[in-house]
Number of protein chains: 2
Amino acid sequence: MLVVHKYGGTSVGDLERIENVANRVIKAREAGQDIVVVVSAMSGETNKLISFAEHFTLTPAKKEMDMLLSSGERVTAALLSIALQAKGFDAVAMSGRQAGIVTDDVHTYARIESIDPSAMLSAIQEGKIVIVAGFQGINKDGSVTTLGRGGSDLSAVALAGALKADQCEIYSDVDGIYTTDPRIEPKAKKLDTISYDEMLELSSLGAKVLQNRSVELAKKLNIKLYAKSSFSDNEGTLITEESENMEEVLVSGVVLDKNQARVTLRGVSDRPGIAAEIFTMLAQEHINVDMIIQNVGTDGTTNLGFTVPQSEHLNAKRVMESFDHDIQGMDVDGHVCKVSVVGVGMKSHSGVAATAFSALAKNGINIQMISTSEIKVSMVIDEQYGELAIRALHDAYELDK
Amino acid sequence: MLVVHKYGGTSVGDLERIENVANRVIKAREAGQDIVVVVSAMSGETNKLISFAEHFTLTPAKKEMDMLLSSGERVTAALLSIALQAKGFDAVAMSGRQAGIVTDDVHTYARIESIDPSAMLSAIQEGKIVIVAGFQGINKDGSVTTLGRGGSDLSAVALAGALKADQCEIYSDVDGIYTTDPRIEPKAKKLDTISYDEMLELSSLGAKVLQNRSVELAKKLNIKLYAKSSFSDNEGTLITEESENMEEVLVSGVVLDKNQARVTLRGVSDRPGIAAEIFTMLAQEHINVDMIIQNVGTDGTTNLGFTVPQSEHLNAKRVMESFDHDIQGMDVDGHVCKVSVVGVGMKSHSGVAATAFSALAKNGINIQMISTSEIKVSMVIDEQYGELAIRALHDAYELDK
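1. Quick notes on the overall build of chain A
Summing up its helical and strand segments, chain A has twelve helices and 18 strands in all. A compact globule built from 401 residues should have a C-alpha radius of gyration of about 21 Å, and chain A, at 23 Å, falls within 12% of that. Taken over the C-alpha atoms alone, chain A extends approximately 75 × 50 × 30 Å along its principal axes. Counting only residues that meet the buried cut, chain A has 49% of its 401 residues in that class. In chain A, 74% of the contacts between residues at least 6 apart in sequence involve partners at least 24 apart.

Right under this line is the structure:
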């Protein structure tokens with residue numbers, strides 16, 4: 001059985017923790033597994049290097065940033081390999097390049113184009129534990145590239161795919177995926193299994209356990225993904241294909257995203273192309289739009305609403321002012337949040353949205369915007385009611401049961 | 001004019017100093033030079049990484065150490081490149097691999113086998129300042145290798161050779177080569193020029209300004225080497241081929257090596273091969289022998305003396321005890337030091353050694369061993385007289401004039 005482990009920055013945050021990771025890897029090894037370990041930089045290291053670069057300029061060249069930042073993961077990989085060797089196990093540390101990872105040219109946010117696993121496979125053949133520096137590869141010219149924040153998760157999943165590994169275990173300081181944030185609702189329960197699609201909705205909605213691109217890739221390659229804690233022996237959560245069994249569960253989790261601001265445009269001219277113009281201009285200004293809602297008005301105009309990250313709401317307002325002649329009124333609210341209910345069970349059950357709406361109504365929470373997908377219902381509400389809404393929804397779907 | 005600059009760990013010890021280096025590079029750039037800069041790790045960084053590895057084992061695998069330690073230079077290279085770009089200059093950071101440096105397989109003490117300068121040359125062609133992470137390369141298998149302590153000097157000289165650079169400037173916190181250590185003799189004078197051979201004698205004798213292997217390589221490739229300070233605008237010292245002009249100077253410098261212990265063997269059997277046996281066994285025990293002196297005795301035996309590093313003298317004694325049947329007596333002294341007088345002028349002048357001996361005699365210093373080469377006279381004396389001897393010799397050769 002070949003397994004890819006990935007340990008995040010907190011799990012390798014100091015020398016004792018690296019030793020702890022070595023002990024975990026050895027335990028799996030002694031259970032008979034072949035193991036490839038992907039590691040992040042020691043926590044704090046990447047931010048330290050970024051602050052070094054920002055001493056000189058707030059806009060350092062991305063190519064240089066990649067050489068700078070990729071060093072942190074190399075240090076951890078070498079140290080973990082040394083720790084394993086010190087305990088009598090044969091190990092070898094590899095950079096992204098040595099592990100055969102080739103990416104495109106987009107520095108600081110590269111995509112993996114190919115992986116040649118032969119160096120890793122021959123090391124495994126020789127009985128070695130392979131340690132790979134996460135987050136990095138090289139492009140066709142041989143320049144170092146990095147995969148963006150959380151990129152080590154992506155390295156791990158991509159390596160698992162290239163190695164045809166049996167599973168990929170992502171270790172962090174959280175022991176799995178919960179029905180909601182336990183800091184908001186202490187009754188939150190850890191899930192044993194969740195589907196890729198649910199996980200994607202949850203992680204893009206702000207559950208920080210797994211990087212979104214890595215879940216997408218795991219889905220595409222159909223890799224069994226485990227979210228586990230490196231600080232406990234708990235079972236963790238398996239992220240895998242949707243099964244019939246899963247559909248019996250109506251809702252898997254509820255999630256709060258506080259980084260939202262709402263823009264509502266009233267009386268937008270109902271001429272063709274106006275929405276395209278608006279969202280093209282927002283994209284040009286690098287403003288990320290999340291929810292978009294449009295409704296036909298009564299007087300030949302439409303009402304258009306969308307949400308943006310809170311830090312962008314004044315920018316969004318400024319952009320919208322250039323559409324003055326097309327818009328009768330604008331309402332921008334930086335004090336909103338988004339609560340979402342996620343579950344593959346929604347596909348085959350009706351009434352899920354209604355339960356959500358009435359749960360909020362019972363608590364006197366006014367819903368400003370609603371958006372739904374096949375497996376998700378999202379609602380924009382006043383930010384002061386965010387936590388209350390999460391607890392009300394968690395209760396309404398009996399997620400603690 | 002193409003110039004290679006090399007900045008040591010102290011010169012890039014913090015962000016302000018990296019900025020200072022950027023300003024120096026820019027000044028040279030604005031004077032019309034094409035520049036390749038080789039950098040060391042920020043001072044303290046390499047020792048920190050070594051202590052991390054030693055947390056796990058005192059004998060970490062050399063291959064992993066190379067991946068670990070090579071990260072420090074990459075960080076400095078990226079930061080200097082970012083600093084230059086922030087000041088509006090086009091720069092590019094390269095790892096040893098990207099600069100085309102291929103070494104043999106001897107991890108932590110690799111030798112450069114070849115350099116393909118094409119990536120550097122095309123960057124220079126595009127008007128870029130090239131920043132190269134010193135101390136490192138890759139072997140034929142693509143594993144990262146390092147060149148040993150002080151290896152960034154070697155990187156700089158080797159790159160200067162491969163690039164056919166006009167000169168190579170080694171920057172440190174010392175502004176050149178002195179007639180002796182100014183901490184011992186405040187009247188020590190900075191030399192304007194010195195020959196490769198003299199520099200080799202001085203650096204192997206303990207003058208720490210330039211790494212020995214880099215001076216050897218500069219001599220072999222006939223590269224003009226400058227030792228300069230990154231903290232001043234002083235001229236520095238040019239290390240170059242011997243010229244007639246140099247031979248007019250009798251002595252270039254005097255130097256003290258305190259890390260010496262003396263072993264004297266009396267009445268060694270005068271049978272063929274005995275010296276070979278002794279020094280083979282010392283080599284097998286990895287004891288570095290420095291001076292060796294043999295004299296014919298009066299009774300068919302010989303007296304044999306040699307020096308070893310102070311930390312090795314008890315080991316050396318133990319090894320010698322296995323020669324009991326061949327040796328009448330042994331005298332081991334851990335409290336000696338070596339003072340040396342170096343100068344190409346000695347080749348064509350007589351009386352240099354005699355001046356040294358009488359200078360020491362005048363100060364009541366007893367000479368225990370003497371060894372001479374074409375351009376050097378070395379004397380082993382009691383360690384408590386080391387500094388006094390240096391000042392006496394400096395005076396005797398009028399090096400302050």
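Additional details are given in the paragraphs that follow.
2. Remarks on the sheet that holds strand β10 (residues 193-195) of chain A
Residue and element names in this part refer to chain A. Reading across the sheet, the eight strands line up as β3-β6-β2-β1-β9-β11-β12-β10 and stay open at both edges, with mixed pairing between neighbours. The outermost strands of the open sheet, each flanked by one partner alone, are β3 (91-94) and β10. The sheet shows a mean angle of 20° between the axes of neighbouring strands, taken without regard to direction. With three bridges connecting them, strand β11 (residues 225-229) and strand β12 (residues 237-240) associate as antiparallel partners. The residue bridging Leu225 from the neighbouring strand is Ile239, located in β12. Along the sheet, helix α1 (residues 15-30) contacts β1 (2-7), β2 (34-39) and β6 (129-133); its crossing angle with β2, the most-contacted strand, is approximately 160°.

3. Concerning the environment of Phe306 of chain A
Examined against the element boundaries, Phe306 of chain A turns out to sit in strand β15 (residues 301-308). Those residues in contact with Phe306 of chain A that sit more than four places away from it in its chain are Val263, Val289, Met291 and Ile292 of chain A.

4. Some details on the environment of Glu383 of chain B
Residue and element names in this part refer to chain B. Tracing the backbone shows Glu383 in the loop between β18 (376-382) and α12 (386-396). Judged by the 18 C-beta atoms lying within 10 Å of it, Glu383 falls in the partly exposed class. With residues near it in sequence (within four places) discarded, Glu383 still touches Lys258, His335, Val336 and Cys337.

5. Things to note about the interface of chain A and chain B
At the junction of the two partners, chain A supplies 28 residues and chain B supplies 28 residues. Counting residues per element, the side of chain A that touches chain B draws most heavily on helix α3 (residues 62-86) of chain A, which supplies 14 residues. Taken together, the residues of the side of chain A that touches chain B sort by class into 17 nonpolar, nine polar and two charged.

6. A look at α1 of chain A
Residues and elements named next belong to chain A. For α1, built from 16 residues, the straight-helix expectation of 22 Å at 1.5 Å per residue is met to within 8% by its first-to-last C-alpha distance of 22 Å. For α1, every residue scored as buried is listed here: Ile18, Val21, Ala22, Arg24 and Val25. Buried residues of α1, viewed axially, fall in a sector of 165°; they line one side. Facing away from the buried surface of α1 by more than 90 degrees, the exposed residues are Glu16, Asn23, Lys27 and Glu30.

7. Points about the relation of the copies chain A and chain B
When chain A is fitted onto chain B, the two copies agree to an RMSD of 0.2 Å after a turn of 179° and an axial shift of 0.0 Å. Here the copies are linked by what is in effect a two-fold axis. Within chain A, Ser71 of chain A has its C-alpha nearest the rotation axis, a separation of 2.7 Å. Here 100% of the contact residues of chain A are again contact residues in chain B; the copies associate through an equivalent surface.

8. What to know about the domain arrangement of chain A
Segmenting chain A into domains produces domain 1 (2-173) and domain 2 (254-396). The distance between the C-alpha centroids of domain 1 of chain A and domain 2 of chain A comes to 38 Å.

9. Considering the pairing of strand β12 (residues 237-240) of chain B
Pairing geometry for strand β10 (residues 193-195) of chain B and β12 of chain B, over three bridges, is parallel. Bridge pairing links Thr193 of chain B to Leu238 of chain B in β12 of chain B.

10. Section: the sheet that holds strand β11 (residues 225-229) of chain B
Each strand in a sheet pairs with its neighbour through backbone hydrogen bonds, running either in the same direction (parallel) or in the opposite one (antiparallel). All names here are of chain B. The sheet built from eight strands is open, its strands ordered β3-β6-β2-β1-β9-β11-β12-β10 with mixed pairing. The open sheet has two edge strands with one neighbour each: β3 (91-94) and β10. Strand-to-strand twist of the sheet, defined as the mean angle between neighbouring strand axes without regard to direction, takes the value 20°. With respect to the sheet, helix α5 (residues 151-162) is in contact with β1 (2-7), β2 (34-39), β6 (129-133), β9 (167-172) and β11, its orientation differing from that of β1 by roughly 175°.

11. Some words on the pairing of β1 of chain B
Residue and element names in this part refer to chain B. Counting buried positions along β1 gives five out of six residues, so the element sits mostly inside the fold. The sheet contact formed by β1 and β2 spans six bridges and is parallel. What sits directly across from Tyr7, in β2, is Val39. As a crossover connection, the stretch from β1 through helix α1 (residues 15-30) into β2 is right-handed. Pairing geometry for β1 and β9, over five bridges, is parallel. Across the sheet, residue His5 finds its bridge partner in β9, namely Glu169.

12. Examining the packing of helix α11 (residues 352-362) of chain A against helix α12 (residues 386-396) of chain A
Residues and elements named next belong to chain A. Taken N-terminus to C-terminus, the directions of α11 and α12 make an angle of 130°; their axes are 9 Å apart at the nearest point. By the criterion of interaxial angle, the relationship of α11 to α12 is oblique. Helix-helix and strand crossings are classified by hand; for α11 and α12 the assignment is right-handed. Between α11 and α12, the residues in contact are Thr355, Ala356, Ala359 and Leu360 and Ala389, Ala392, Leu393 and Ala396, respectively.

Reading the values: rules and limits
Residues numbered from 1 in each chain as written. Chains lettered and ligands numbered in written order. Predicted model: local features only at pLDDT ≥ 70, side-chain atom pairs only at ≥ 80, totals over all residues. Helix = DSSP H or I, 4+ residues; strand = E, 2+ residues; numbered from the N terminus. Rg over C-alpha atoms; globule rule 2.2 N^0.38 Å. Buried ≥ 20, exposed ≤ 12 C-beta atoms within 10 Å, placed from the backbone. Contact = placed C-beta atoms within 7 Å. Pairing = 2+ DSSP bridges. Axes fitted to C-alpha atoms, helices over the stretch in contact; angles between N-to-C directions. Nonpolar A, V, L, I, M, F, W, Y, C, P; charged D, E, K, R; others polar. Expected span 1.5 Å × (residues − 1). Arc of directions from axis to C-beta. Least-squares fit on C-alpha atoms with pLDDT ≥ 70 in both. Domains from an automatic or database assignment. Right-handed = clockwise from strand over helix to strand, strands pointing away. Parallel < 35°, antiparallel > 145°, perpendicular 65-115°, else oblique. Left-handed = near helix turned anticlockwise from the far one by under 90°.

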